[in-house]
Amino acid sequence: MKRIVSGIKPTGTLTLGNYLGAIKQFVKLQQKRIDDEFFLFVADMHAITTRQVPSELRKRTLDIAAMYLACGLDKERTVLFIQSEIKEHVELGYILQSNTYMGELERMTQFKDKSQRQETSITSSLFTYPALMAADILLYDADFVPVGDDQKQHLELTRDIANRFNNYYGDFFVVPEPLIPEVGSRIMDLQEPNKKMSKSDEMDKGYISMFDDEASIKRKIRSAVTDSYAKINYDPENQPGLANLLTIYASIADRSIQDIVNEYKDSSYKDFKEDLAQVVVDCLIPIQEKYNELIKSQELQDLLDRGRDIASDFAFKKMRKCKKKIGLGRK
Ligand code: AMP
Ligand code: TRP
């Protein structure tokens, strides 16, 4: 039996990138690996590394939990919880910070990007974030962590921290493996296809939100930037916009990119985009309907309570052993 753990930060809206890079993968793994355990959380502690409006943060936290379920997670087999409800994440995060070097954190590209964009008010927790993320994973003895491509570096650091701890204190943490999908691990912005599709973006034409209605989805796909080659071909170097649209199609339809290229090789961009828009609509609208049923339900609250209890029990035991190993406290 293996344990699979992942999380999403409740900042901005959830995008199609989050769905294809992370959530969909998680759902597929769950269908494939029937003997494994799945822990999934909303990383609200990570959200406050940048300023959040409290009422919005709370709303988005629940939105993400409901959205995860609406995307097809198996309710019985998922330990779904909210990170801040398990205090051991922060406790272990501090211990892991004490096993992480400044130089390692300084090399994190996500930190470099974010701190470059925002010149003032960079919090110290934005800098130490990867140690908390390592704690999220190591606390639960995760074997596998499904994430998008942008989290690869954080996963490598998590492995380094685990190995360093194990070498000094003796075997204690499971060293986790990232699972990054072959297609869809990096969905790009629809207007600037050299940039990752991101929910914190100001320009809403660049991303598809999981909450967009049919008309907006169609409008955004129709106006997605392509090129003047007028030939359906997968060439991320010279036709990045089109390559991204082909990736979205392949990833939603669970088909290979080559297969989609073969089907559309004689079509116009316009016709291809029309079909793609319909594929995205057919994927997102049923998810939104399920989300609407779940968001106000008692069932969602019950699942989060159950998730909190299971995760909390696990985390408590792991931390007790961890402190003992390090020599913290009296016994
Ligand atoms: P975040 O929204 O930053 O908390 O990311 C949650 C998950 O979604 C992580 O596993 C990310 O790697 C993944 N993700 C975010 N943006 C994208 C994207 N544009 N393409 C693919 N995966 C993404
Ligand atoms: N840092 C991740 C992101 O920004 C979210 C995250 C936090 C996460 N803790 C995690 C993902 C643990 C996987 C496992 O996308």
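That block above? That's the structure.
Everything numeric in this text was worked out from a predicted model, so none of it was measured.

What counts, and where the lines are drawn
Residues numbered from 1 in each chain as written. Chains lettered and ligands numbered in written order. Predicted model: local features only at pLDDT ≥ 70, side-chain atom pairs only at ≥ 80, totals over all residues. Heavy atoms only, no water. Phe/Tyr/Trp six-rings, centres within 6.5 Å; stacked < 30°, edge-to-face > 60°. Lys NZ or Arg CZ within 6 Å of the ring centre and 35° of its normal. Helix = DSSP H or I, 4+ residues; strand = E, 2+ residues; numbered from the N terminus. Expected span 1.5 Å × (residues − 1). Bend = angle between axes of the 7 residues up to and from the residue. Buried < 20%, exposed > 50% of the residue type's maximum accessible area, 1.4 Å probe, protein only. Near = heavy atom within 4 Å. Polar contact = N/O pair within 3.5 Å; in protein donor to acceptor, adjacent residues only side chain to side chain. Areas by Shrake-Rupley, 256 points an atom, 1.4 Å probe, with all protein chains shown as cover. Nonpolar A, V, L, I, M, F, W, Y, C, P; charged D, E, K, R; others polar. Axes fitted to C-alpha atoms, helices over the stretch in contact; angles between N-to-C directions. Parallel < 35°, antiparallel > 145°, perpendicular 65-115°, else oblique. Left-handed = near helix turned anticlockwise from the far one by under 90°. Contact = heavy atoms within 4.5 Å.

Looking at the packing of aromatic side chains
- For the structure on display, the rule yields 17 aromatic pairs.
- Taking the centre distance of 5.1 Å and the plane angle of 70 degrees together, the rings of Tyr264 and Phe272 count as edge-to-face.
- For the cation-ring pair, Lys220 lies above Tyr207, with the distance from its terminal atom to the ring centre recorded as 5.2 Å.

Re helix 7 (residues 124–138)
- For helix 7, with 15 residues, the first-to-last C-alpha span of 22 Å sits near the 21 Å given by 1.5 Å per residue.
- A bend of about 40 degrees at Pro130 is the largest found in helix 7.
- Counting buried positions along helix 7 gives 13 out of 15 residues, so the element sits mostly inside the fold.

With respect to the site of ligand 1
- The local shell around ligand 1 holds 17 residues, among which Lys9, Gly148, Asp150, Ile187 and Lys199 are the closest.
- Contacts to ligand 1 include Lys9, whose backbone N or O atom sits 2.9 Å from an oxygen atom.
- The contact in question runs from an oxygen atom of ligand 1 to an N or O atom on the side chain of Asn18, over 3.0 Å.
- Contact with the protein chains covers 95% of the free accessible surface of ligand 1, which is 490 Å².
- The element contributing the most residues to the shell around ligand 1 is helix 1 (residues 16–32), with four residues.
- For the shell around ligand 1, the class distribution of residues is five nonpolar, seven polar and five charged.

Thoughts on the packing of helix 4 (residues 88–97) against helix 7
- For the pair helix 4 and helix 7, interaxial distance at closest approach is 8 Å and the crossing angle is 120 degrees. As judged from the angle between their axes, helix 4 and helix 7 are oblique. Considering how the two elements wind past one another, helix 4 and helix 7 form a crossing that is right-handed. Each of His89, Val90, Leu92, Gly93, Leu96 and Gln97 in helix 4 lies in contact with helix 7, whose residues at this interface are Thr128, Ala131, Leu132, Ala134, Ala135, Asp136 and Leu138.
- Looking at side-chain class alone, the contact of helix 4 with helix 7 contains eight nonpolar, four polar and one charged residues.

Examining the environment of Asp204
- Tracing the sequence through the fold places Asp204 in the loop between strand 5 (177–179) and helix 9 (214–222).
- Each C-alpha atom, one on Asp204 and one on Asp189, is 9.9 Å from the other, the two residues being 15 residues apart in sequence.

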